[in-house]
Amino acid sequence: MAGQHTNKLNLDRLAKIWALAERGDAGEQAAARNRAEALVKPHGYTLADVPDLLLTGGYLDDEPQPSAGGFTFYDMSNPAHQRAYARAEEKKRAAWRMANRAKMDEVLARYGSEEAVFAPTAEEQAYDAVIKPFRKAGEPGKCDTWDGEHFRPSARSYGPRLGQAMA
């Protein structure tokens with residue numbers, strides 16, 4: 001898996017390099033910052049994370065541990081936890097694919113291709129055609145809605161009296 005590492009981050013070495021990055025002359029600072037970035041990047045960190053890593057003694061690099069009840073808490077601000085969560089989810093997806101392989105093959109055989117499985121049916125196309133006049137495209141980063149704000153039919157679709165009652 002990309003971004004996965006086998007060794008723990010060497011905090012002693014990072015502390016020495018970071019001291020040069022903060023107190024050295026201009027050339028030393030640039031070289032030390034580049035070296036620090038090369039050290040932390042394979043572990044999923046950036047230069048902005050270095051002070052916190054040094055301050056906390058690298059606790060951010062610890063893998064999540066299951067609690068007494070068996071639940072694993074993933075701190076998603078911790079890159080090590082993010083990697084562990086991604087690995088756990090990929091294992092779940094792989095297990096699901098293996099358990100459902102026969103069903104997936106059956107559906108693909110019935111429809112012929114994955115594109116055909118997800119193609120809109122005639123009924124879905126008819127629904128889309130009917131609601132198209134009422135759909136209002138959202139701004140970039142926002143969902144498409146019926147009236148642009150509230151996920152309810154707009155006043156124009158019911159007429160003025162019912163539209164006023166809804167407002």
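Residues numbered from 1 in each chain as written. Predicted model: local features only at pLDDT ≥ 70, side-chain atom pairs only at ≥ 80, totals over all residues. Heavy atoms only, no water.

Which residues make up the pattern of salt bridges, and what values go with them?
Under the defined criterion, the tally for this structure stands at five salt bridges. Put simply, K92 and E89 hold a salt bridge, and the shortest N to O gap is 3.1 Å. Of this pair, K92 and E89 both sit in helix α4 (residues 79–99), separated by three residues, roughly a single helical turn. Of the charged contacts, one joins E90 and R93 as a salt bridge, the two residues approaching to 3.0 Å between their closest N and O atoms. Here R93 and E90 lie together in helix α4, a separation of three residues that amounts to about one turn. (Salt bridge = Lys/Arg side-chain N within 4 Å of Asp/Glu carboxyl O. Helix = DSSP H or I, 4+ residues; strand = E, 2+ residues; numbered from the N terminus.)

Can you lay out the nonpolar core for me, pointing to particular residues and giving the numbers?
Counting twelve residues, the largest nonpolar core consists of L9, L14, I17, W18, A21, A32, A36, L39, V40, Y45, V50 and L53. If you list the elements that add at least two residues to this core, you get α1 (11–23), α2 (26–40) and α3 (50–56). (Core = buried A, V, L, I, M, F, W, Y, C linked by side-chain atoms within 4.5 Å. Buried < 20%, exposed > 50% of the residue type's maximum accessible area, 1.4 Å probe, protein only.)

Give a detailed account of the packing of α1 against α2, specifying residues and quantitative values.
At a closest axis distance of 7 Å, the pairing of α1 and α2 adopts a crossing angle of 150 degrees. Classified by the angle between their axes, α1 and α2 sit roughly antiparallel to one another. Both α1 and α2 take part in a crossing whose hand is left-handed. Contacts from R13, L14, I17, W18, L20, A21, E22 and R23 in α1 reach E28, Q29, A32, R33, R35, A36, L39 and V40 in α2. Its residues assigned to classes, the contact of α1 with α2 shows nine nonpolar, one polar and six charged. (Axes fitted to C-alpha atoms, helices over the stretch in contact; angles between N-to-C directions. Parallel < 35°, antiparallel > 145°, perpendicular 65-115°, else oblique. Left-handed = near helix turned anticlockwise from the far one by under 90°. Contact = heavy atoms within 4.5 Å. Nonpolar A, V, L, I, M, F, W, Y, C, P; charged D, E, K, R; others polar.)

Outline the layout of surface pockets, listing residues and values.
Here the largest pocket is characterised by a volume of approximately 160 Å³. In terms of lining residues, the largest pocket is bounded by W96, K103, M104, V107, L108, E114, V117 and F118. Among the secondary structure elements, those contributing two or more residues to the lining of the largest pocket are α5 (101–111) and α6 (114–118). Take the lining of the largest pocket: its biggest share by element is four residues, from α5. A class-by-class count of the residues in the lining of the largest pocket yields six nonpolar, no polar and two charged. (1 Å grid on protein atoms, 1.4 Å probe; cavity = no way out; pocket = protein on both sides within 12 Å on 5 of 7 lines; lining within 4 Å. Points joined across faces, edges and corners; volume = space filled by probe spheres on them.)

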